[in-house]
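Observations on the model geometry
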Amino acid sequence: MRGKIRRKLHFSKIYSFTCGKASFKGDHSQIGGPGFSRVVICNEPGSFEARIHNYGDNYVRTTKYTLASFLPKSLFEQFRRAANFFFLVTGILSFTDLAPYSAVSAIFPLIIITLATMIKEGYEDVRRKKQDIEVNNRKVKVHKHDGKFEHTEWKNLRVGDMVKVEKNEFFPADLILLSSSYEDAVCYVETMNLDGETNLKIKQALEATTFLSQDADIHDFAATVKCEDPNANLYSFVGTMEIAGQHYPLSPQQLLLRDSKLRNTDYIYGVVVFTGHDTKVMQNATAPPSKRSKIEKKMDRIIYFLFCVLFVLAFFGSVYFGIITEEDLENGRMKRWYLRPDSSTVFFDPKRAPSAAIYHFLSALMLYNYFIPISLYVSVEIVKVLQSIFINQDIHMYYEEADKPAHARTSNLNEELGQVDTILSDKTGTLTCNSMEFIKCSVAGTAYGRGMTEVERTMARRNGSPYVRQDLNGQNHTDDSSDKKPPIKSFNFNDERIMNGNWVNEPHADVVQNFFRLLAICHTAIPDMDEDTGKVTYEAESPDEAAFVIAARELGFEFYKRTQTSVSLHEFDPVSGNNVQRTYQLLNILEFNSTRKRMSVIVRNVEGKILLLSKGADSVMFERLAKNGRQFEAATQQHVNEYADAGLRTLILAYRELDEEEYREFNEKFTWAKNSVSADRVTLIDEVAQKIERDLILLGATAVEDKLQNGVPGCIDKLAQAGIKIWVLTGDKMETAINIGFSCSLLRQGMKQIIINLDTPEIQALEKAGDKGAIAKASKGSVLRQIKEGKAQTSASRGSSVAYALIIDGKSLAYALEDDIKKMFLDLAVVCASVICCRSSPKQKALVTRLVKSGTGKTTLAIGDGANDVGMLQEADIGVGISGVEGMQAVMSSDIAIAQFRYLERLLLVHGHWCYRRISSMICYFFYKNVVFGFSLFLYEANTSFSAQPAYNDWFLSLYNVFFSSVPAIAMGVFDQDVSARYCLKFPLLYQEGVQNVLFSWRRILGWMLNGLCSAIIIFFFCINAMDPQAFNSDGKIAGKDILGATIYTCIVWAVNLQMAVAISYFTLIQHVVIWGSIAFWYIFVMVYGAMTPSFSTNAYQVFIESLAPAPSYWIITLLVAISALIPYFSYSAIQMRFFPMYHGMIQWIRYEGRSHDPEYCDMVRQRSLRLNTVGFTARVASTRMQDRTYYHS
């Protein structure tokens, strides 16, 4: 019965899996002590012993608020902002006699703004709540009673529950693996959601629990688990399981983590040990670093500046008010008799002038608070959310093949996209596809494979060689038959000499046979055969390994079955000409790691011979060859070098035959080493393996290509034209990185390379001696010397058109990032056109990003696709995740996710420029309109002896920022375009306006404020002088305070909205509606409000219907004053556009004059460069044609 149900696959007999077994030595001695106090009663979660521990349930909450905490917490978040807190204080003061307006009118705008922000926060939290509900309501089978399992929701799981997880299901909590559908109780786990890796991990249960093969076996199972307390370490676990008085050690090999997935295994049984927020994935779910854009930070400083202006104006007015109040009553004579200073309150009492001045200061602070745009923050948030929607819905950034659109995961950094100075990019999976293709190989000293790599094509074009065309023509002739076949993933090999069984005719056919047989056997891939079609697919630990197995299959050596101790192939038999089945007994697997740089398997073939099959890096394989195994070494080494030059990844393949005695002796030592419980067990295993991996016979070398993504060279060229520096941080070796740099135009012919590495004879000699102190000292000195030499080279050629590329390896980078060297390293790097850091660790990537960000003070963008890029993405100002094949870890840690590197071009040059310009212009306009309004209040108060009297009705004051001027600004922030997307891409240099921050500099901000000051002065004095001495209407009545205030207010509403109409570059129907609608809404409001009872509308009662509308002078003044207020801005803009145009202005002239198709004129505009363009294929052309051309920027 069991044999039919459970898969018979004994991985415990393979080194890779057994060496992970735990012992009671070391960490297990801490069980029961501090940090190791958790006790789990298996199969009895409701027992008394289980209840006393009171562990949390499995409900997971990722929301920011709860129903109870939403109101206090969200209010706290709102009033942490200085501006909102200021308005709260002035709102509270408005309930006192100091207030120059009613309390309700003062509080109302604050309530509206606060409510709008709270609604936004609540909406976002509701979305998170829905995601939580979906996860918590997933179903899993839980043991209820009598060996019966029933579906229950994840949130109902308790510590100690026995669960059954089936194939392709996620683990609902952290589980201890008890058994699986395999007889040896192993299971395959995909941890993509945890670490971004798509390769499968193998877990194995304790031998003591493997008897739990069926549901009924669970009924009587009883055990107690004692283990470590909840922690965030994904890769460690210490515990023991007590079964029938026997104690068994637990290790990470038995731990199944929440949110990982069961793969290639029909089912597993497990016991819940950590639930909910105690699980390791939730312990790791720390909030991402808070990022604020530079514009937002500067906006805060502008607010503080306006606070200073407000206080200065209030102080100045209060001092003046105190002086004239003291002089109001002199020798019994009253100067301002209408204030009755002889019987006034403290606010106007000449005898208490200092107190009156202090009270006036407080009143003035409340009156002048309209300098501060209360709706600015919420308006900016609304605009950013809408901008993010446009980014998400851009069809030009939608990757149809994978059905993945762009996704702005945060809206806080939209404008930062328009200010990026440096891009730090991963290579594999970001610039390249991370989809390896077997394209070439060298077997028995003969090179096979007629395809050309992207690097070879680029190099051929760079050298002006006709080889590209010849190769393509030749390939077309030889590919006539194969072109009809559908492409095979991971296999792009073409050579008729060894395809279709033709290898039997090669001079060294036996070597070719052993070569591909090794590829089919030496791996840890798992075959999965479709029972309907008979097609075999593979689950491999890496794309490289999958490519090797597929290549072997396509060339006649199909790996189709793995059993407990064997590997089975369908091989092409050169004698019969047919495929035959061959089974190889799998004796040992010597696993690959970064230290060994190789992998080997030991098998016994059908003839009884024991073979060691090995593959690894050339740096470790050539030195292990036997004297009689070097027949093809010279030719193979030459081919490997050529493959590296072509940007290919290479591995050396070799083998040897072992005699029985040698293998028996090795196996005894190997078994002893892997069963060792000492701390240096891994070292012992490596030493034993190293002794057997010698005297190898060379077969050849493989070459796989990690292709560039479509559009990468063109994207890099555009970004370089935009003046953006590009750094590549990769784990690949230097030769591969350099060649990829050439293929994607980061490097070009004629560019001088500054290479920093530690491959010197002196350091190599020290490494052999093993003196770590001497090695570190010499290495640091060597790196420092090379950096100084590089700086000397760049300094000597300063002013010339020579471009430099800095290339540094990981060892050197470790020293270059030390505190006393990193500043010098950065100085060298920033003057180089391209920087490539090879063999970089994830930590080094993050440190380099931090160095560039802090050292230059400019905006940095990091882009990557794997879990090893997370630190870099979080460290940069903007993190962009590529939703590629390495999982979602980078995407989940990013600010923006895109599917292909090429979409970065549109994201930055189009959306980035638009967002930066829109946000900058919108904020400048906000300060302009508030200065106009606030300064008109100041001028009116100055005109009334600083008596703290407002010029306008209370509700006019309250609604100015909310309804009559803010909506057009929001529309500008969402829809305005200075140039179209086509022109943004045609003239990438436009992007430098954001990098240099010319649209949000203090000069531009203060210029807008000065424009507001001019407008306020023009409006106020024109209205005062036009209305003061004359009769206002046909009845001969002069204008009172109510009429004057309403007229000035009307002129301001017209002026600020017309200013918006003049400032925007791209009119849409929505902008027409909001601009003219805001003006119309003012008239509607003043009529409706004026029609209310006088007790509510106060001095605005019927002011429009009875006084303003019938008077022709009101309409004439409104027209003339509104137009006059625009004259300063219009004059300045016209002069600037005509004589001193900014770069976007020049492009607008091109469009206006219809010269967008004039190549000479466009080229002239394009060459008004802000910096020398030294990267990309455009720079390559420019360097050969215009070496002495001077670039300039007006």
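All of the points below concern the structure found in this document. (Residues numbered from 1 in each chain as written. Predicted model: local features only at pLDDT ≥ 70, side-chain atom pairs only at ≥ 80, totals over all residues. Heavy atoms only, no water.)

What follows covers the sheet that holds strand 5 (residues 174-180). By way of backbone hydrogen bonds, the strands of a sheet pair with one another, either parallel or antiparallel. Across the sheet, which stays open at both edges, the 6 strands sit in the order 3-2-4-13-5-11 with antiparallel pairing between neighbours. Strands with a single pairing partner mark the edges of an open sheet, and in this sheet they are strand 3 (148-153) and strand 11 (255-256). By the bridge criterion, 2 bridges tie strand 2 (residues 139-145) to strand 4 (residues 162-166) in an arrangement that is antiparallel. Paired with Lys141 across the bridge in strand 4 is Lys164. (Pairing = 2+ DSSP bridges. Helix = DSSP H or I, 4+ residues; strand = E, 2+ residues; numbered from the N terminus.)

This paragraph deals with the nonpolar core. Counting 110 residues, the largest nonpolar core has Tyr368, Tyr952, Phe956, Ile1019 and Trp1082 as its most contacted members. Looking at which element gives the most residues to this core, the answer is helix 29 (residues 903-943), with 17 residues. If sequence neighbours within four positions are ignored, Phe956 has contacts with Phe933, Ala1046, Tyr1049, Trp1082, Phe1085, Val1086, Tyr1089 and Ala1100. Within the second largest apolar cluster, 78 residues are counted, among which are Phe438, Ala546, Ala689 and Leu698. (Core = buried A, V, L, I, M, F, W, Y, C linked by side-chain atoms within 4.5 Å. Buried < 20%, exposed > 50% of the residue type's maximum accessible area, 1.4 Å probe, protein only. Contact = heavy atoms within 4.5 Å.)

This part takes up a nonpolar patch on the surface. A cluster of nonpolar side chains, Phe963, Phe1081, Ile1084, Met1087, Val1088, Met1092, Phe1096 and Ile1105, forms an exposed patch at the surface whose accessible area comes to about 670 Å². If you tally residues by element for the nonpolar patch, the top one is helix 36 (residues 1069-1090), at 4 residues. Relative to the assigned elements, Phe1081 resides in helix 36. Judged by relative accessible area, Phe1081 falls into the partly exposed class, the value being 34%. (Patch = residues over 30% accessible without salt bridge, like charges linked within 9 Å, V, L, I, M, F, W, Y side chains within 5 Å. Areas by Shrake-Rupley, 256 points an atom, 1.4 Å probe, with all protein chains shown as cover. Salt bridge = Lys/Arg side-chain N within 4 Å of Asp/Glu carboxyl O.)

Here we take up the pairing of strand 9 (residues 239-243). The two faces of a sheet get side chains in turn, since along a regular strand they alternate between them. Burial runs high along strand 9: 4 of the 5 residues are buried. Sheet topology places strand 8 (residues 224-227) next to strand 9; 4 bridges connect them, and they run antiparallel. By the bridge assignment for strand 9, Val225 is matched with Met241. Of the pairings in the sheet, the one linking strand 9 to strand 10 (residues 246-250) comprises 5 bridges and is antiparallel in character. The residue of strand 10 that forms the bridge with Ile243 is Gln246.

To continue, consider the pairing of strand 1 (residues 38-41). Side chains Arg38 and Val40 project from strand 1 onto one buried face, and the interleaved Val39 and Ile41 project onto a second face that is buried too. When strand 1 meets strand 8, the two strands line up antiparallel, connected through 4 bridges. Each bridged residue has a counterpart across the sheet, and for Val39 the counterpart in strand 8 is Lys226.

Take the packing of aromatic side chains next. Any two aromatic rings considered together are summarised by their centre-to-centre distance and by the angle between their planes. What the rule picks out here adds up to 56 aromatic pairs. Relative to Phe307, the ring of Phe86 lies with its centre 5.0 Å away and its plane at 70°, an arrangement referred to as edge-to-face. Note that Phe86 is positioned in helix 5 (residues 82-93) and Phe307 in helix 9 (residues 294-326), a separation of 221 residues in sequence. With centroids separated by 5.9 Å and ring planes inclined at 40°, the aromatic side chains of Tyr925 and Tyr928 adopt a geometry described as tilted. Pair noted here: Tyr925 and Tyr928 are both in helix 29, with a separation of 3 residues, about one helical turn. Just as Tyr925 is buried, Tyr928 falls in that class too. The residue whose ring lies beneath Lys164 is Tyr267, and the NZ or CZ to ring-centre distance is 4.9 Å. Positioned above the aromatic ring of Phe1139 is the side chain of Arg1138, whose terminal nitrogen or guanidinium carbon lies 5.8 Å from the ring centre. (Phe/Tyr/Trp six-rings, centres within 6.5 Å; stacked < 30°, edge-to-face > 60°. Lys NZ or Arg CZ within 6 Å of the ring centre and 35° of its normal.)

Leaving glycine out, the prevailing phi sign among residues is negative, and the prevailing peptide bond configuration is trans. Not every positive phi belongs to a glycine, and Ala244 is a case in point at roughly 50°. Within the secondary structure, Ala244 sits in the loop between strand 9 and strand 10. Even without glycine at this site, Asp403 takes up a positive phi of about 55°. Counting through the fold element by element, Asp403 comes out in the loop between helix 11 (376-392) and strand 16 (407-408).

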